[in-house]
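# Reading the structure
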Amino acid sequence: MDYTFNAIEAKWRQIWQERNTYKVSEDSSKPKFYVLDMFPYPSGAGLHVGHPLGYIASDIFARYKRLKGFNVLHPMGYDSFGLPAEQYAIQTGQHPAITTKENIARYRQQLDLMGFSFDWDREVRTSDPSYYKWTQWIFKQLFDAYYDLTLDKATPIASLIRTFEQEGNSNTNAVHDCEQRFDAAAWAAFSPEAKEAVLQQYRMAYLAESWVNWCPALGTVLANDEIVNGVSERGGHPVEQKRMMQWSMRIKAYAERLLEGLDRIDWTDALKEQQRNWIGKSKGSSVQFAVKDADLQIEVFTTRPDTIFGVSFMVLAPEHPFVEQICTPAQAQEVQAYQQQAALKTERDRQADVKNITGAFTGAYALHPFTGQEIPIWIGDYVLASYGTGAVMAVPCGDQRDYDFAKHFNLPIPNIFADQDISEAAYAEKDAVIANSDFLDGLDAKSAMEKAIAAIEAKGIGQGKTNYRLRDAVFSRQRYWGEPFPVFYQDGLPHLVDDALLPVTLPDVDAYLPTQDGEPPLARAAKEAWSCQLGERMEYNTMPGWAGSSWYFLRYMDPHNQEAFAGPDKLAYWNQVDLYIGGSEHATGHLLYARFWTKALHDLGFIHFDEPFAKLINQGMILGKSAIAYIGPDQKMYSLDMLPENKEGFREVRILIDLLNDDESIQLDALKAWQPQYAAQEFVCNADGKVLVKREVDKMSKRWYNVVTPDDLCEKYGADTLRMYEMFLGPLEQSKPWDTKGITGVHGFLKKYWRLFHINGHFEVEDSQPSPAALKTLHKTIKKLTDDLERFSFNTGVSSFMICVNELTEQKCNNRHILEQLTILMAPYAPHICEEIWAQLQPASPTIFNSEYPIFDPSYLTESSFDYPVSFNGKMRFKATLELALSIDEVKEVILAKPETQKWLEGKDPKKVIVVHGKIVNIVL
RNA sequence: GCGGAUGUGGUGAAAUUGGUAGACACGCCAGACUUAGGAUCUGGUGCCGAGAGGUGUGCGGGUUCGAGUCCCUCCAUCCGCACCA
C-alpha cells in the first residue's frame, strides 16, 4: 500500500471535524496550557508559506502538551480591521466587510489544509460587532479611569471627582497633564465644559492635540509608512506636520510598570531590550531658561545637568509654541521659511538625516540660570516637538549632535571637561572631571549631577526627574474600517454611550474617503445609518488597528459570552497565555499595548494577572526569492549569462516566480501570456536556447511576484511533509529564504517511515519483545525529541526522527511497541500520517491525540565504553575506545602508552595531559 | 541616526554547559535495480594536496590546555523606529 497522502489527509481532516477532536473546554482535573499564535490580518493575497511557520510550531507544541496530559487552549482568529481592505474599498467601492469576509474564507481554507488543531468554535474576528462591542466597552473603562500614583494603579475616575469635590486637586497624586490648581469651591464653580477639560487631563483615554502627518490633498492623516520621500505614497502629494485633536491612551502612566514587568516574564533578552529602549527611561533634571526681555520660561529636560555650564545655545523644535513669540522681526522670514521646510519632513527622516545639519536663529536669547550669560535660541529639526519638552539646552562639548550643530553654525563650544580634547568631537562619556563650571569644578559626573540638581531645585527653576521616551499612544484614526468609538458629543463635550446601546456598529457610508472639509469618513454616514444617534453627533474617528489586538487573547477564553468580555471563571481557569508565538516586528507595538491593556484591566479588577504572555517566541520571517530578468536598451530580454560587461541601459524587471523552470530559466510562452507587455517580447537566449534569471532574496510579497503559497505544496507533497519541511528549514527564530528544493528529502523521510509498517504492500507489525538496539534507538529519540521540544528546537527534532527511522530501517525493525511509541512522538509534527498509522495499530482508539506521551528510560542507553578523541594542543589526532569505568589517571596512563601517542609526541615530553572524563583527552606539548 | 538580530561547505543547517566543526537533509559524483521513475537502494562529497599532511566557522586581535561558542575592534546583511499589520 502506497503512502497516499492526499487521501489520508482529507480523510482525517474530515474525521477530526466530525469527532470534534480539537474542541476544548475548561477541565479542572487537568493542568491547563494556553498556546497562542499572533492572529493574522486576512490580506487579499492569501496565506503564503511564511505565515504557517509560527502556526506549525505552536501546533506541534500544543499537540505535544496535550499528549503530555495538559488541557490545551489553542485558538485562532482574525485581526480583521485594517487599511488594506479600506484601500480596496476606496478603489472599488466594495464594502470592506465583504472583502474581509472573502479573505477570511480563503485563509480558513488554507489553514484547514495544514491540519492545525485549532478549536474553531472559539474563533474571534476583531471586526465582528459581537467582538468590538467589548473593545468599545474596554475603551469606556479606560475613559472612566485615571492613574492613581499613591495606589500605583488605574482607578475609577469617580473617586478622583469625589476628591475634587471635597478638596480640589492640590493633594491628588495622579498622572495628568493639568497645570491648573483648584480647590473644592473652584471645582464646584467650574462649568461642565471646564470640569470635563480638567478631567480629560487625567483620564486614561483622553482627547488632546497631537502631532500628525497631514496630507491636505488627500484630506487625511498618513502613517510614516505611507510617506515616501516626503510625499504621500498614494498620489505623491505633499505632507505636513500638523497638530490635531486626537484620542490618546495614557500609556506613559504605565512606563515604570511596563519596565518592571519585563523581569517577570520569559521573553528573549533581545525583545525585552527593545521594549526597554522604547520606554527609554532616563534620569536627569528639568531646567527652566528665562527668555531675555520676555516673560517666558523655556523648559528643557536634560540627562546631563552636570554639564549645565557647557550650554552655549538652545535649540527648539521648529514647531515649539514659543517660536512665534520670541522670534525677532529681523529673523522672522528665515525662521518661517525654516519651519515650512521642516514641516515637510517626517520625524523619521529628521532623525535619520544627521549629515545635513539645518537650523535657524530666532534672534532671541535665553539667560543662563547660573551665569546670566546670554544664550542664543535656535530652532533645528533634530529636536522633536513630540519628545520631551520639544526643546534642548545644547552642550556641544558633551553631545555630538549639539557639537555638529555648533560647528556648522559657528557657535561657541566651551570645554567643561578637564583634560579632554574636544577639537574633533564631543566627549560624551561620563567619566571626565568637570571644569570651568563654577561650583561644579573638580567633581566627577555623578557628584556634579547631584550637586547641579540640588542647585537647580534650590533656585526653583527645575527639579530632578525621571523622563521616559515612551509617548502616550494616539488612539484615533481618520479611517473607515475600524471600531467606532462609543462616544457622542453634547455641547462640544465627549460623552460615553450607555452599555445597553453597545456595540455602536459601523454605519454605512457612500464613500470611504474623508469629507470635503477634511472630516473622517464616518462623518458621511446618514443619521439613520448609525445604530444609535446621541447628542449633537457621534464620534467620527475610529480606533486604531491595535485596539482589537490588545485583548483578543482574553476573548478566546470565553468567545460567546454576551454579558462580559469573558467570564471570571474562564479567565481564572485559563489565566495567562503560556506560550505566545509571533513575529518580532510587533516588539514595540502590539506587545506593548497588549501589556498596557492587561495591566489596566487588572488594576480595574477585571482580571487577576497583569502580564498577558508568560513566554514569548519570535519566529523568523520566511523570505521570498524574486526572479529578476534583464531588458536591454534594444528592449530584448537577455539571459543572465548573455549580459554584456557593461550593463548600462539595462533595466531589471521582476517576473512571477511561477513562470520559472527548475533550472531558473523562463517559460517563455507562459511569460508572454502573463502580462500584456511581454506578449511580443523578444529574447536573447543562451547557448542552450534558454533565458536565465537572477534570483534575489526579498520579503515575500505580491508586489515582488515571489509569493509561494502552501496550497500547491500541500497538493503535491501533503500537509505533513510541508509542516515538517517548514520546521526542518532552520531554527524557528531565524529568518530564511524559502526554497522548495529540500522538500523531497522530508517527503522521502515520511515515505520511509510509512514503509516501516508495510511489508510487501501490507500493513504488518510484529508483537515480540523489542530488540535492545531498537529500544536504544527509540529511547535516544524520546530523550532528544523531548529536549528539543522543551527548548523549541523544532528543526533538530525533525532530523532526530530521520535518524531514528534510518536506524530502525537498518535494523529491519517492525516491532509494534517501538513503532507505536515512535508514532506518538511524531504525531505532533505529522498528525495525519500518524493518525492513519495509529488507526491501524489501535483500531479501537478514536485518536492518537488522547494517547500518553512516551517516557524516557535512560537504562536503555547506558554505555560501558567511550571513544575518546585524543588531541594534541587542541587538535584531534586519533580516537581510543576505553572503558568508562577507568579513572582519569588510568585513562591518562593508557593513552600515553598508545603507539599513536608516541608518534604525535615526536619524542617530546608532554607538558600537561588533560582528561575530561567521558569527553576528551588533550595533550599539551 | 537610534534600537535589535544574524554571519559556519555548492545550499538549508547541526554542534544544548568552552571539549571530535559540518549531524540531518538538499545538490553533486559514481554505481545497482529496472516494466525508464520527479521511484528505490549502495558508496563518496568542507577546501588544498597524489599522499603524508596542511587548512577551515565574516575580518583582525585577546583570554584558555582547548574558542563556532567568552571578551575587544572592525565589516557586511536583515528587522523595527510610534497612523502598515
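Use the structure listed above.
Computed from a predicted model, the values in this text were never measured in an experiment.

### Here we look at the overall build of chain A
The number of helices and strands found in chain A is 29 helices and 34 strands. Considered along the principal axes of its C-alpha atoms, chain A spans approximately 100 × 85 × 75 Å. Taking all 925 residues of chain A together, the buried fraction comes to 53%. For chain A, long-range pairs separated by at least 24 residues make up 71% of all intrachain contacts whose partners lie at least 6 apart in sequence.

### Focus on the environment of Q734
Relative to the helices and strands, Q734 is located in the loop between α22 (719–728) and β28 (736–737). Along the backbone, Q734 and Q619 are 115 residues apart, and their C-alpha atoms lie at a distance of 6.7 Å. Apart from the residues lying within four places of it in its own chain, the contact partners of Q734 are G620 and M621.

### Examining the protein's contact with RNA strand B
Lining the immediate environment of RNA strand B, one finds 66 residues, of which A223, R348, L729, N795 and N806 sit closest. Here, RNA strand B places atoms within 4 Å of the protein, and 64% of those atoms are sugar or phosphate. Here a phosphate oxygen of RNA strand B and a backbone polar atom of L83 are 2.8 Å apart. Between RNA strand B and R471 there is a distance of 3.2 Å, counted from a base nitrogen to a backbone nitrogen or oxygen. By residue number, the principal contributor to the surface near RNA strand B is helix α25 (residues 794–810), which donates six residues.

### A closer look at α25
Between its terminal C-alpha atoms α25 stretches 25 Å, which fits the 24 Å expected from 17 residues at 1.5 Å a residue. On its buried side, α25 packs onto α2 (52–67), α22, α23 (743–756), α24 (772–790) and α26 (816–826). Just downstream of α25, K812 is the residue with a positive phi angle, here 55 degrees.

### Here we look at the pattern of salt bridges
Summed over the entire model, instances satisfying the criterion amount to 43 salt bridges. Residue R203 is joined to E196 by a salt bridge in which the shortest nitrogen-to-oxygen separation is 3.0 Å. Judged by relative accessible area, E196 falls into the buried class, the value being 10%. Of the charged contacts, one joins R479 and E226 as a salt bridge, the two residues approaching to 2.9 Å between their closest N and O atoms. Of this pair, R479 sits in the loop between β17 (473–474) and β18 (487–490) while E226 sits in the loop between β6 (220–222) and β7 (227–228); the two residues are 253 residues apart in sequence, bridging distant segments of the chain.

### Details of a nonpolar patch on the surface
Side chains of I914, V916 and I920 sit close together on the surface and give an oily, nonpolar patch of about 200 Å² of accessible area. Considering the arrangement of structural elements, one finds V916 in strand β33 (residues 912–916). Taking the relative accessible area as the measure of exposure, V916 reaches 36% and is therefore partly exposed.

### Quick notes on the sheet that holds strand β9 (residues 240–249)
Backbone-to-backbone hydrogen bonds join strands into a sheet, with any given pair of strands oriented parallel or antiparallel. Here we have four strands laid out as an open sheet, ordered β6-β5-β9-β17, and antiparallel in their pairing. One side of each edge strand has no neighbouring strand; the edge strands of this open sheet are β6 and β17. Where strand β5 (residues 205–215) and β6 come together, three bridges link them in antiparallel fashion. Bridging from a neighbouring strand, N213 pairs with L222 of β6. Relative to β9, helix α5 (residues 129–143) is tilted by about 90 degrees, and along the sheet it contacts β5 and β9.

### A word on the sheet that holds strand β31 (residues 865–872)
Taken in spatial order, the four strands make up an open sheet running β32-β31-β34-β33, and their pairing is mixed. Only two strands of the sheet have a single partner each, and these edge strands are β32 (875–883) and β33. In this sheet, neighbouring strand axes are inclined to one another by 20 degrees on average, regardless of whether the strands run parallel or antiparallel. Alignment of β33 against strand β34 (residues 920–924), held across five bridges, turns out to be antiparallel.

### Section: the packing of aromatic side chains
Under the definition given, this model contains 71 aromatic pairs. An angle of 85 degrees between the planes, with centres 6.1 Å apart, marks the rings of Y55 and F116 as edge-to-face. Of this pair, Y55 sits in helix α2 while F116 sits in the loop between α4 (96–113) and α5; the two residues are 61 residues apart in sequence, bridging distant segments of the chain. Here the aromatic rings of F361 and Y365 are separated by 5.6 Å at their centres, their planes lie at 70 degrees, and the arrangement is edge-to-face. Its relative accessible area of 18% is what places F361 among the buried residues. Connected via pairs of aromatic rings, a cluster forms that spans F139, F143, W247, F475, F485, W546, Y593 and W597.

### Things to note about unusual backbone geometry
Working note: non-glycine residues mostly have negative phi, and peptide bonds are mostly trans. The omega torsion across L502 and P503 is 0 degrees, close enough to zero to call that bond cis. Among the structural elements, P503 can be located in the loop between β19 (493–496) and β20 (537–538). Although it is not a glycine, N575 adopts a positive phi angle of roughly 60 degrees. Relative to the helices and strands, N575 is located in the loop between α18 (568–574) and β21 (579–583). On the accessibility criterion, N575 (21% relative accessible area) is partly exposed.

### A few points about the packing of α2 against α22
Closest axis-to-axis distance for the α2/α22 pair is 10 Å, and the angle between their directions is 105 degrees. Looking at the two axes, α2 sits roughly perpendicular to α22. Seen from α2, the contacting residues are P52, L53, I56, A57, D59, I60 and R63; seen from α22, they are L722, R723, E726 and M727. When grouped by side-chain class, the residues that make up the contact of α2 with α22 number seven nonpolar, no polar and four charged.

### Focus on the side chain of T781
Structurally, the position occupied by T781 is in helix α24. Note on T781: relative accessible area 4%, which makes it buried. Discounting residues that sit within four places of it in the chain, T781 has contacts with S800, C804 and L825.

### Some remarks on the pairing of strand β13 (residues 360–367)
Counting buried residues in β13 gives six out of eight residues, a clear majority hidden from the surface. Across two bridges, the pairing between strand β10 (residues 281–291) and β13 is antiparallel. When the bridges of β13 are listed, A290 appears paired with L367. Where β13 lies against strand β14 (residues 374–379), five bridges are found, and the strand directions are antiparallel. Across the sheet, the residue bridging to L367 is E374, located in β14. The hairpin formed by β13 and β14 contains six residues between the paired strands, and G372 there has a positive phi angle of roughly 75 degrees.

### Here's the deal with the pairing of strand β3 (residues 145–148)
For a regular strand, side-chain orientation follows a simple rule: the groups alternate between the two sheet faces. Of the two faces of β3, the one lined by A145 and Y147 and the one lined by Y146 and D148 are each fully buried. As paired strands, β3 and strand β4 (residues 153–156) are joined by four bridges and run antiparallel to one another. Across the sheet, residue A145 finds its bridge partner in β4, namely P156. Between β3 and β4, which pair antiparallel in sequence order, lie four residues; one of them, D152, sits at a positive phi of approximately 55 degrees.

Thresholds, definitions, all that
Residues numbered from 1 in each chain as written. Chains lettered and ligands numbered in written order. Predicted model: local features only at pLDDT ≥ 70, side-chain atom pairs only at ≥ 80, totals over all residues. Heavy atoms only, no water. Helix = DSSP H or I, 4+ residues; strand = E, 2+ residues; numbered from the N terminus. Buried < 20%, exposed > 50% of the residue type's maximum accessible area, 1.4 Å probe, protein only. Contact = heavy atoms within 4.5 Å. Near = heavy atom within 4 Å. Polar contact = N/O pair within 3.5 Å; in protein donor to acceptor, adjacent residues only side chain to side chain. Expected span 1.5 Å × (residues − 1). Salt bridge = Lys/Arg side-chain N within 4 Å of Asp/Glu carboxyl O. Patch = residues over 30% accessible without salt bridge, like charges linked within 9 Å, V, L, I, M, F, W, Y side chains within 5 Å. Areas by Shrake-Rupley, 256 points an atom, 1.4 Å probe, with all protein chains shown as cover. Pairing = 2+ DSSP bridges. Axes fitted to C-alpha atoms, helices over the stretch in contact; angles between N-to-C directions. Phe/Tyr/Trp six-rings, centres within 6.5 Å; stacked < 30°, edge-to-face > 60°. Parallel < 35°, antiparallel > 145°, perpendicular 65-115°, else oblique. Nonpolar A, V, L, I, M, F, W, Y, C, P; charged D, E, K, R; others polar.

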